[in-house]
Structure formats: C-alpha cells, structure tokens
Amino acid sequence: MIQFGNMILQWYTKYKRDLPWRTKPINPYGVVISEFMLQQTQVPRVIEKFHEFMRLFPTITDLAHASKSDIIRAWSGLGYNRRALLLHKFAQEVCEKYDGIIPQLSKELIALSGIGPYTAGSIASFAFNKSEPAIDVNVRRIYMRYFHGRDQGAPMGKKQEKELYDLVKKTIPNQKSCDFHNALMDFGSLLCRRKKPLCPQCPLTKSCTFYPLYDKKKDNVLHIVKKKQEKGVIENGKHVPNRIFRGRIVEFVRNNDGKAFTITTLGKVIKKDYSVKERLWVMMLVQNLERDGLIHITKKDAKLQLRLQN
Ligand code: SF4
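Only a predicted model underlies this, so the values are computations on that prediction, with no experimental measurement involved. (Residues numbered from 1 in each chain as written. Predicted model: local features only at pLDDT ≥ 70, side-chain atom pairs only at ≥ 80, totals over all residues. Heavy atoms only, no water.)

Help me out: how do you make sense of the site of the ligand in this one?
Neighbouring the ligand are the residues Arg145, Phe187, Cys192, Cys199, Cys202, Thr205, Cys208 and Phe210. Here the residues of the shell around the ligand sort into six nonpolar, one polar and one charged. (Near = heavy atom within 4 Å. Nonpolar A, V, L, I, M, F, W, Y, C, P; charged D, E, K, R; others polar.)

Below, the structure is given as structure tokens:
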C-alpha cells in the first residue's frame, strides 16, 4: 500500500500538470471553484474559464452576493449550468453558516449544496490536505486495475464502495493527501487513461495486476467500459443528449436576455434539423430549465419571453 502511494508521488514530481488552482499557498476558494467546474467539464476548458471567474468573483462573499444571472453568464462555455446555481447556493450557505470560512472536513462539506461524496473528499484533501479519499472515475479505474486486475464496469454496491474507500484511505501517504490526490488525477488522465492506458510507460507495471491483460499487439486493453446512453434525440443522424440542447438554450438566453421568440425560432436555433413535430420537446426543455431555476419564462401572445433567473 505504502509502496503504491510513494510510486505515484514519485511519478508526480516528474510529470505533474501546472494547473491554475494548484497554488502555493493553497487558496481553498479557488479549489472549490475548480472542483465545481471540473465536474463533467474537461480540464482545458476549465483552465480557460477559471481565471475569468475568479476575476469576476474574487472571494466566496462576492460570489454569495452576486445575482444568479451574473453567475449563469460567467458560467458560459462550461456546460451543465445547474452547477453554477449549486455553487452559488454553496457560497451562500458557507457565508451564512460558517461566516465565509469554507469548512475543512468531508462530513461538514457534504451537508452543503452541490457537494457529493467525491467533492467533499476532494475539497478536504486538495484544499486542506486532510487524509480523506476523493474517489472519482479516474481514481476508481486506477485502483480497480492496479489492485484488482479489472476495469470497473457496472456501478458498485455499497459494500464494494466501502472497500474501495478503505483501500484508498490506506494508500494516502502521511501528510501528503493534497499532492497524492493531485498525482492520482494526473496519473489517471495522462497514463492510466480510460481508453488506451500507456502501460509500457508506467512505473507500476511490475506490481499492477491489470498489466498482464494489456494487449501489446493492439496497443489497447481488454474490458473497455461502455458508457450508458443519455436521454436525447437524433440530430443530423447522430444521437445528441438533451443536456447539449439545454446548454444551447441557456447560451441563447445569455445572448438574448428578455427578448421574445416563438418555439419554432428557438427550435431552429438549438437544433440543426429542427422540425415542427419537435415543438413539445423544445417546450419541455424550456420548462425544465425554468423548473431548475436557470431561466424565467413569460408567455407573450404566441411567443415566449425568456430571461436568466435573477
Ligand atoms: S500498468 Fe497500466 S493499468 Fe496498471 S497502473 Fe500502470 S497504466 Fe494503469
């Protein structure tokens, strides 16, 4: 266990990525922003947006006092806009319950809006160097491969999750939780990748139980996990998840806040091959965005006036 942790750390000293939220000294607020942004969004896109967001809302108090519409606007380009609202709520709760000081422990963090088990662990370890596991898909994949010789496909049961949690906890090097978790993130994204892990370049091949399954001829591995298809519709012959269309509607409202449109106009803007048969589907997307607190709808004759929530 200790050997695994030390090898990962050793690899990290040589190959670590220089990311804007990995500051010295650590800025816990910056870590929180990055963690919310990184849920479902790729690192290069988050890097682009991170500085701008921090410039607009430099402290947790600034964020808590900002309007929803300003935050939704600043979130442009990151997708999954509901995260912006959850982050806003998180900031307000930290200001109300903790006087603007971000709590350090998972058990306190998890009671706040937008925080699941992974984000609680990640803030505790990245921002406060607490020895608390932060288990995302990358970490799960690395541990399942290295210790159990397989990729994790089906969701785990509670017992397996607990076993994995205990395993990760045992491997966190003393006082090095922040570096170790950063190392795992980089290791999972640069080397032990979901598709085509770079096993021949890995320093753990001798002890990794997955390595013998590595198919050198095809330069690939067995058991690649298939992702479950999200709800969506066909656009130009391809399945596109509804969340992409939701994102397009919010982007449209960001640029046309308060203007009125017919459903057909909106449909044509968000879907390349829109047909009038899809009116109800567009209406459902718009209503769901209002239900989620992202936009506000007013009906005006045969048109809809759309606004970002304030
Ligand atoms: S040998 Fe391959 S599967 Fe094992 S930890 Fe390294 S990259 Fe991952």
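Can you help me understand the nonpolar core in this one?
The tendency in soluble globular proteins is for nonpolar side chains to be buried as a group. Of all hydrophobic cores here, the largest spans 67 residues; its most connected members are Phe53, Phe90, Ile102 and Tyr143. If you tally residues by element for this core, the top one is helix H8 (residues 117-128), at seven residues. The residues contacting Tyr143, other than those within four sequence positions of it, are Phe4, His148, Leu164, Leu167, Val168, Thr171, Phe180 and Leu184. In this structure, Phe252, Ile263, Leu289 and Ile295 belong to the second largest nonpolar core, which totals 26 residues. (Core = buried A, V, L, I, M, F, W, Y, C linked by side-chain atoms within 4.5 Å. Buried < 20%, exposed > 50% of the residue type's maximum accessible area, 1.4 Å probe, protein only. Helix = DSSP H or I, 4+ residues; strand = E, 2+ residues; numbered from the N terminus. Contact = heavy atoms within 4.5 Å.)

Help me understand the environment of Ala124, please; the structure alone is not making it clear to me.
Looking at the element boundaries, Ala124 is found in helix H8. Assessed through its relative accessible area of 0%, Ala124 is described here as buried. Along the primary structure Ala124 and Glu108 are separated by 16 residues, whereas in three dimensions their C-alpha atoms are 9.8 Å apart. Beyond its immediate sequence surroundings of up to four residues, Ala124 is in contact with Gln104, Ser106, Leu109, Asn129, Lys130 and Glu132.

Any chance you could explain the domain arrangement of the chain here in plain terms?
It is common to report an interface's size as the accessible area lost on association of the parts. Structurally, the chain comprises domain 1 (2-213) and domain 2 (232-308). Relative placement of domain 1 and domain 2: their C-alpha centres are 32 Å apart. Taking both partners together, domain 1 and domain 2 bury about 900 Å²; carbon and sulfur atoms supply 57% of that area. Ranking the residues of domain 1 by area buried against domain 2 places Ile72, Arg73 and Asn81 at the top, with a combined share of 45%. At the boundary of domain 1 with domain 2, the tally comes to one salt bridge. The interface formed by domain 1 and domain 2 holds five residue pairs in polar contact (both at pLDDT 80 or more) in total. Of all the elements in the fold, those that place two or more residues in the side of domain 1 that touches domain 2 are helix H5 (68-74) and helix H6 (82-98). Looking at the side of domain 1 that touches domain 2, the element that brings in the most residues is H5, giving four residues. (Domains from an automatic or database assignment. Buried area = accessible area lost by both parts, 1.4 Å probe. Salt bridge = Lys/Arg side-chain N within 4 Å of Asp/Glu carboxyl O. Polar contact = N/O pair within 3.5 Å; in protein donor to acceptor, adjacent residues only side chain to side chain.)

Looking at this structure, how should I read the packing of aromatic side chains?
Ring pairs (aromatic) are described by centroid distance and by the angle formed between their planes. Scanning the model with the defined rule gives 13 aromatic pairs in all. Ring pairing ties together the aromatic residues Phe4, Tyr143, Tyr146 and Phe147, which thus form one cluster. (Phe/Tyr/Trp six-rings, centres within 6.5 Å; stacked < 30°, edge-to-face > 60°.)

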